[in-house]
Amino acid sequence: MIPLGRPQEILLPVPTGLIAVTVLGALLVNLIPLPAPAIEMRPDFCALVLVYWGIHQPRRVGFTMAFLLGLAMDLVDAGLFGQHALTYVAMLFAAIVLHRRVLNFSLVGQSLHILPLLFAGDLIAVAVRLLAGYELPTPTHMVGSLVGALLWIPLCVLFRLPRLPKAGIDRV
């Protein structure tokens with residue numbers, strides 16, 4: 001009998017502390033000041049981490065966390081209140097809906113699935129800002145979605161490292 005798909009590896013359970021540290025780390029990385037041209041092309045690390053945990057641990061990361069993280073980003077960004085909250089909740093919903101499909105692909109295939117999700121999140125944020133009377137952002141604003149999709153592969157590798165079984169443990 002020929003096995004279908006790629007072999008599944010057994011990972012250690014995800015501690016709640018790991019999820020909390022990665023989300024807070026993403027919030028801190030989003031707060032790093034950058035020059036004006038680079039800040040428009042920076043990916044939204046909070047959205048990327050929320051999508052990661054929504055795909056890999058859909059029962060552990062909920063809409064409350066996405067909403068509160070979005071409100072925190074709105075307070076820090078000093079922009080339109082609720083814009084990030086709405087975007088993060090919509091992106092987490094899409095990640096949870098698509099999590100079984102995305103996990104069947106390699107990391108490159110996963111990043112190709114993440115690209116439209118991040119792009120849709122940017123479109124939601126732009127639509128909310130346009131409805132509030134803000135100007136249309138420059139086209140370079142959407143480059144952040146592409147950069148985020150490219151960062152998906154190292155992010156997945158980095159977040160899997162603490163969950164890999166130790167080498168000295170006997171496998172049954």
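These numbers come from a predicted model, not from an experiment. (Residues numbered from 1 in each chain as written. Predicted model: local features only at pLDDT ≥ 70, side-chain atom pairs only at ≥ 80, totals over all residues. Heavy atoms only, no water.)

Counting its regular elements, the protein chain contains seven helices and zero strands. Listing each helix as α and each strand as β along the protein chain from the N terminus yields α-α-α-α-α-α-α. Taking 2.2 N^0.38 as the reference for a compact globule, 172 residues should give roughly 16 Å; the C-alpha atoms of the protein chain span a radius of gyration of 17 Å, in line with that estimate. Its C-alpha atoms give the protein chain principal-axis dimensions of about 60 × 35 × 30 Å. Split into buried and exposed, the 172 residues of the protein chain put 34% on the buried side. Counted over contacts in the protein chain with a minimum sequence separation of 6, partners at least 24 positions apart contribute 71%. With an accessible surface of roughly 10400 Å², the protein chain has 73% of that area assigned to carbon and sulfur atoms. (Helix = DSSP H or I, 4+ residues; strand = E, 2+ residues; numbered from the N terminus. Rg over C-alpha atoms; globule rule 2.2 N^0.38 Å. Buried < 20%, exposed > 50% of the residue type's maximum accessible area, 1.4 Å probe, protein only. Contact = heavy atoms within 4.5 Å. Areas by Shrake-Rupley, 256 points an atom, 1.4 Å probe, with all protein chains shown as cover.)

This part is about the nonpolar core. Membership of the largest hydrophobic core comes to 31 residues, with the highest contact counts inside it found for Val 51, Trp 53, Tyr 88 and Trp 152. Residue assignment for this core shows that the elements contributing at least two residues are helix 1 (16–30), helix 3 (45–56), helix 4 (63–77), helix 5 (83–102), helix 6 (107–131) and helix 7 (143–160). With nine residues, the top contributor of residues to this core is helix 3. Once residues within four sequence positions are removed from consideration, Val 51 is found in contact with Met 91, Ala 95, Ile 114, Leu 117 and Trp 152. (Core = buried A, V, L, I, M, F, W, Y, C linked by side-chain atoms within 4.5 Å.)

A word on the packing of aromatic side chains. What characterises a pair of aromatic rings is the spacing of the ring centres plus the angle enclosed by the ring planes. Evaluated as defined, the whole model comprises five aromatic pairs. Consider the rings of Tyr 52 and Phe 159, whose centres lie 5.0 Å apart with planes at 80°: the pair is edge-to-face. In this pair, Tyr 52 sits in helix 3 while Phe 159 sits in helix 7, placing the two residues 107 residues apart along the sequence. For the residue pair Tyr 52 and Phe 159, the accessibility class agrees, reading buried in each case. Clustering of aromatic rings is evident, with ring pairs tying together Tyr 52, Trp 53, Trp 152 and Phe 159. Positioned over the ring face of Tyr 134 is Arg 129, at 4.2 Å from the centre of the ring. (Phe/Tyr/Trp six-rings, centres within 6.5 Å; stacked < 30°, edge-to-face > 60°. Lys NZ or Arg CZ within 6 Å of the ring centre and 35° of its normal.)

Take the packing of helix 3 against helix 7 next. Between helix 3 and helix 7, the shortest axis-to-axis distance is 11 Å and the interhelical angle comes to 55°. By the angle between their axes, helix 3 is oblique relative to helix 7. Regarding helix 3 and helix 7, the two cross each other, and that crossing is right-handed. Here Phe 45, Leu 48, Val 49, Val 51, Tyr 52, Trp 53, Ile 55 and His 56 of helix 3 lie close against helix 7, whose contacting residues are Gly 148, Leu 151, Trp 152, Leu 155, Cys 156, Phe 159 and Arg 160. Tallied by class, the residues present in the contact of helix 3 with helix 7 amount to twelve nonpolar, two polar and one charged. (Axes fitted to C-alpha atoms, helices over the stretch in contact; angles between N-to-C directions. Parallel < 35°, antiparallel > 145°, perpendicular 65-115°, else oblique. Left-handed = near helix turned anticlockwise from the far one by under 90°. Nonpolar A, V, L, I, M, F, W, Y, C, P; charged D, E, K, R; others polar.)

Turning to the layout of surface pockets, a few remarks are in order. In this structure, the largest pocket encloses a volume near 820 Å³. For the lining of the largest pocket, the elements supplying multiple residues, two or more each, are helix 2 (36–41), helix 4, helix 5, helix 6 and helix 7. In terms of residues, the lining of the largest pocket owes the most to one element, helix 6, which gives seven residues. Each residue belonging to the lining of the largest pocket can be placed in one class, and the counts come to twelve nonpolar, ten polar and seven charged. (1 Å grid on protein atoms, 1.4 Å probe; cavity = no way out; pocket = protein on both sides within 12 Å on 5 of 7 lines; lining within 4 Å. Points joined across faces, edges and corners; volume = space filled by probe spheres on them.)

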